[in-house]
Amino acid sequence: RDAELSLGVDWWARAFLNGEEVLSQRPKRFSEADGAQFNGDTLISAPLRLKQGVNTLLVKSLGGSGSHSFVAYITDPGDLQIAPKP
């Protein structure tokens, strides 16, 4: 089924769903310049195609010199069970 990931980070991040890179709606010229699909604390969306069973979302985030955080939302979770580990 289709879903949408909204991800906000305080620096830069890339995300992977089941080993495949998640391509965000961030303008391509920016993502090509810094190598990040997600940048900044404003939520950036990306389409997801979920498979039946367990789906693994990995967020690789580059922190700055201070503290670091990110927030992620999955749209219309319905009967999905979301946990930090399967």
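Each remark here, short or long, concerns the structure printed above.
Predicted model, so just to flag it, every value in this text is computed and none were measured.

Here is what the cut-offs are and how they apply
- Residues numbered from 1 in each chain as written.
- Predicted model: local features only at pLDDT ≥ 70, side-chain atom pairs only at ≥ 80, totals over all residues.
- Heavy atoms only, no water.
- Patch = residues over 30% accessible without salt bridge, like charges linked within 9 Å, V, L, I, M, F, W, Y side chains within 5 Å.
- Areas by Shrake-Rupley, 256 points an atom, 1.4 Å probe, with all protein chains shown as cover.
- Salt bridge = Lys/Arg side-chain N within 4 Å of Asp/Glu carboxyl O.
- Helix = DSSP H or I, 4+ residues; strand = E, 2+ residues; numbered from the N terminus.
- Buried < 20%, exposed > 50% of the residue type's maximum accessible area, 1.4 Å probe, protein only.
- Contact = heavy atoms within 4.5 Å.
- Core = buried A, V, L, I, M, F, W, Y, C linked by side-chain atoms within 4.5 Å.
- Pairing = 2+ DSSP bridges.
- Axes fitted to C-alpha atoms, helices over the stretch in contact; angles between N-to-C directions.

Undergrad: Mind showing me how you'd approach a nonpolar patch on the surface here?
TA: Together, L43, V71 and Y73 give the surface a local cluster of nonpolar side chains, amounting to about 260 Å² of exposed area. Secondary-structure assignment places V71 in strand β7 (residues 70-74).

Undergrad: What is the right way to read the environment of I44 from this model?
TA: Secondary-structure assignment places I44 in strand β5 (residues 44-49). Residue classification places I44 among the buried positions, given a relative accessible area of 12%. Taking the C-alpha atoms as reference points, I44 and L5, 39 residues apart in sequence, are found 8.1 Å from one another. Beyond its immediate chain neighbours, meaning those up to four positions away, I44 contacts L5, S6, L7, S24, Q25, R26, Q37, F38 and N39.

Undergrad: Got a minute to help me understand the nonpolar core in this structure?
TA: When a protein is soluble and globular, its nonpolar side chains tend to lie buried together. Counting 14 residues, the largest nonpolar core has L5, L7, A13, A15, V22, F38 and L48 as the members making the most contacts within it. Sorting elements by how many residues they give to this core places strand β1 (residues 2-9) first, with four residues. Non-local contacts of L7, meaning those with residues more than four positions away in its chain, are made with A13, F38, T42, L43, I44, V59, F70, V71 and A72.

Undergrad: Would you mind going over the sheet that holds β1 with me for this structure?
TA: Strand pairing within a sheet occurs via backbone hydrogen bonds; the two strands may be parallel or antiparallel. Spatial ordering of the open sheet is given by β5-β1-β7, a layout of three strands whose pairing is antiparallel. Looking at the sheet topology across the chains shown, the edges are occupied by β5 and β7. Looking at each pair of strands side by side, their axes are set apart by 25° on average, direction ignored. In the sheet, β1 pairs with β5 via six bridges, with the strands oriented antiparallel. Its bridge partner lying in β5, E4 is registered against P47.

Interpretation in functional terms is not warranted from these geometric data alone.
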